[in-house]
Amino acid sequence: MARWCYRHRLVVLLIWVGAVFGLGFAGSAAGTDYANTFSLPNTDSTRAYDLMEKAFPQSSGDTDTVVWKVDDGTVRDESVRSRIEPKLAEIAKMAGVGEVTSPYAADGAAQISENGRIAYAQITFTEQANGVPKATVEDVVETAQAAERDGLQVELGGQAIARTEEAPAGIAETVGILAAAVVLFLAFGSLFAMLLPLVVAIAALGTGLMATSLLSHVTDVPEVAPLLGSLIGLGVGIDYALFIVTRHRRGILRGMKPEESAVTALNTSGRAVLFAGGTVCIALAGMLVMNMRFLDGVVVATSLTVVLSVLAATTLLPALLGLLGMRVLSRRQRRRLAATGPESAEASGLAARWSSYVERRPRSTAAMALLAMLILALPVLSIRLGATDQGNHQESTTTRQAYDLLAEGFGPGFNGPLQVVVAKGDANALVATIRTTEGVAQAAAAPPSQGITVIQVVPTTSPQSKATDQLIDRLRDEVIPASGAEAHVGGVTAIFKDFAAVTGDRLPYFVAAIISLGFLLLMVAFRSLIVPLTAALMNLIAAAASFGVLVAIFQWGWGTELLGIGKEGPITAFLPVIMLSLLFGLSMDYQVFLVSRMHEEWVHTKDNARAVRVGLAETSRVINCAALIMICVFSAFVLSGDLEGAMAGIGLAAAVALDAFILRTALVPAAMHLLGNSNWWLPTGLEKRLPHLAVEPKEEPETTEPFRQAGSASVVHGYVRDVEGAPVERATVTLRSKGGRQLDRVTSLADGSYILSVPAPGTYLLAATALSYGSRARQVTVEDGPLVYDIELTEASELSETSKSSEEEADAVN
């Protein structure tokens, strides 16, 4: 498929352009129909909701609030009333506004605080919050706040009002893409190479978001789902393309033609991307076992975006590689390739030095990394799941000001009243009992309908307070059973409490399921028990540390206002499930990429120390680059204006940073050095029963395997000489596969002769280097018999002049 996409690149590009614009047009025409359904089956709040829906059908519109406060006098003063009432009347006449309930009406006394300084009016729109035109809401806000003067403060709250404070659509994605572009340019040094992952990710993200908006018309998709889809889709879309482009560029630099390099990259790294994308989708689908309707839409949106990211990386990307050809390399790399030939595959630089350091000091490295993770994980011991509301918005927002004013005037519990729904029994007696219950500020019963009575209960504490949770338990466990009535406690606060309780109860089973799944997948892929066990432990450590960071910032409030994400509060109840799913998938990406290279070296050398050292040296740079991109993308979602999105972004950014920079590049390799050859142990009986799952295919399977079966082998031999024809003694001559794996290495004799063993006919990379001489690397093709190949090395001083001359010639040509 990769070769077909490469050769038919214009067809592939047209298909993708048609898909992007087609889905974009359809999504824009159809609009969105997102729905937040937090109710859970077999919970007390759901039973209350079902009874209320039957007896009191909800009005079609969203109800928001206008709140005002005077510094002196009361809100009943004529100077205040004459400013507020005309504005309320003007709002009532606006298109899209159904009703305005004023405190100045005959039955509006309850809407004025006891001290008379704060009052509120309720605005009922003709549509739910998402259906109200934003222009209408902005007119309401502008009209109401026009009544302000010195000593008179006017604020507005509610779901529709909150829409006016949302950040411009796409700002988080745009910032994330720009940050990723900088990282990619620094990594590749090429504008075209930088653009490839971005184009692929944007195409996948655009089609994913439009498809999600269309699916919202046929299934319940929560408002936060497209935001989470953008977050994960942008991250994995860029990373998947990065892995493939990196492999492709490396192939060209080692002498392969662009088409063959692209096919090889897709056949190796592309397979790893398929494996990684599949594990992410499996982990996301694991949320379905939680049996929460709210999460179903999240699974749909995020999984769809991941699938499209994989599809774009395996079809659109090879087509783009075909368009660019050699331009996927920077000009400097192209000049160097033309002047000096293919480069050596030996890892060097900081990655190689760090890998050697970990090998020399595995105990101290592991101890320091583990200590850092445990310290960061400590705050998770105090995690409290719940829900955020407008009380967590930034202090500068009108919704937060309205929330605070209502709490000041009518009590902290006014923003989250409870609803006790009475199906049978004496409702009046229950109201009297509830009024005397500890933690209750007010309780009043509405007129019954169809034999069902709703008691509005205002707690003395805020919706996010532990005391409010205790009041709900007290009503359910003590007050209602003692009254003999059949009643259920509902309302938004009770629903979120039940949501958090159910999440907490089912979370251990969910964690066990995804950890077990990861263990099985890695055991089959790497034929080991210790490697998947290590990965499972690392996933748990990474999850604990990332949630510790989340608790410190969002629950303890360490830097929330500084980051511009509002007031501290409980961790959103659904976030652990989503974060664990995504963290599992992303950790599998890095684990597979790291350990697959180690496993490859182990298979060929049976030297664990070398396998771990080489695997870390050759993959850590790409893993760290991919992680840095994800950190930029995830952190940018702080700018989304959505608190849940900011939580997910910060949490995932912390998880990726800790996973890539501490676990995969320090703790995992250090532990594998300490465990030695036991890393690769698998019982013989289990080995025979397990299916074979190769993350990456064997190199050159079509060429080498048939000859190996026939027992065929050959040699490359010749002489190493300088430009004068004199033999070069003690030159190091290395034979490598096209993928860079070392197959044989020898030292030339006194007459400059060498002989290398070749496993089978095929194309290989032959490299030579010697003290005081430059290095030389060329591709050689070995057929049925031995190959005679003489190597000419240039002295170092002459080599620099030759390279300089070649570069000048290349500049002149360009």
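Residues numbered from 1 in each chain as written. Predicted model: local features only at pLDDT ≥ 70, side-chain atom pairs only at ≥ 80, totals over all residues. Heavy atoms only, no water.

### Let's talk about unusual backbone geometry
Backbone geometry follows two general trends: most residues other than glycine have a negative phi, and most peptide bonds adopt the trans configuration.
Item 1. Phi at Gln 450 is positive, roughly 55 degrees, even though this residue is not glycine.
Item 2. Here Gln 450 shows up in the loop between strand S7 (440-445) and strand S8 (453-459).
Item 3. What makes Gln 450 exposed here is its relative accessible area of 58%. (Helix = DSSP H or I, 4+ residues; strand = E, 2+ residues; numbered from the N terminus. Buried < 20%, exposed > 50% of the residue type's maximum accessible area, 1.4 Å probe, protein only.)

### Quick look at a nonpolar patch on the surface
Item 1. Side chains of Val 182, Phe 185, Leu 186, Leu 191, Phe 192, Leu 195 and Val 199 sit close together on the surface and give an oily, nonpolar patch of about 640 Å² of accessible area.
Item 2. Residue assignment for the nonpolar patch shows that the elements contributing at least two residues are helix H7 (171-188) and helix H8 (191-215).
Item 3. Residue contributions to the nonpolar patch peak at four residues, all from H8.
Item 4. In this fold, Val 182 is placed in helix H7. (Patch = residues over 30% accessible without salt bridge, like charges linked within 9 Å, V, L, I, M, F, W, Y side chains within 5 Å. Areas by Shrake-Rupley, 256 points an atom, 1.4 Å probe, with all protein chains shown as cover. Salt bridge = Lys/Arg side-chain N within 4 Å of Asp/Glu carboxyl O.)

### Thoughts on the packing of aromatic side chains
Two descriptors summarise a pair of aromatic rings, namely the distance from one centre to the other and the angle between the planes of the rings.
Item 1. The tally for this structure, following the rule as stated, stands at seven aromatic pairs.
Item 2. With centroids separated by 6.1 Å and ring planes inclined at 35 degrees, the aromatic side chains of Trp 68 and Tyr 104 adopt a geometry described as tilted. Here Trp 68, found in strand S1 (residues 63-70), pairs with Tyr 104, found in the loop between strand S2 (97-101) and strand S3 (118-125); they are 36 residues apart in sequence, far enough to count as distant. For the pair formed by Trp 68 and Tyr 104, the shared burial category is buried. (Phe/Tyr/Trp six-rings, centres within 6.5 Å; stacked < 30°, edge-to-face > 60°.)

### Describing the UniProt feature "domain: SSD" (unreviewed entry) in the chain
Item 1. UniProt tags residues 186-323 as "domain: SSD" (unreviewed entry).
Item 2. Helix makes up 85% of residues 186-323 and strand 0%, with an end-to-end C-alpha separation of 22 Å. (UniProt positions renumbered as here; feature names shortened; annotations may be inferred.)

### A few points about the sheet that holds strand S6 (residues 418-424)
Hydrogen bonds between backbone atoms are what pair the strands of a sheet, whose relative direction is either parallel or antiparallel.
Item 1. Read across the sheet, four strands follow the order S7-S8-S6-S9 without closing on themselves; strand pairing throughout is antiparallel. In this open sheet, the two strands that pair with only one neighbour each are S7 and strand S9 (486-490). Sheet twist, expressed as the average angle between the axes of neighbouring strands with direction ignored, equals 20 degrees.
Item 2. Sheet analysis places S7 next to S8, joined by five bridges and oriented antiparallel. Each residue of the ladder has a partner; that of Ala 444, found in S8, is Gln 456. (Pairing = 2+ DSSP bridges. Axes fitted to C-alpha atoms, helices over the stretch in contact; angles between N-to-C directions.)

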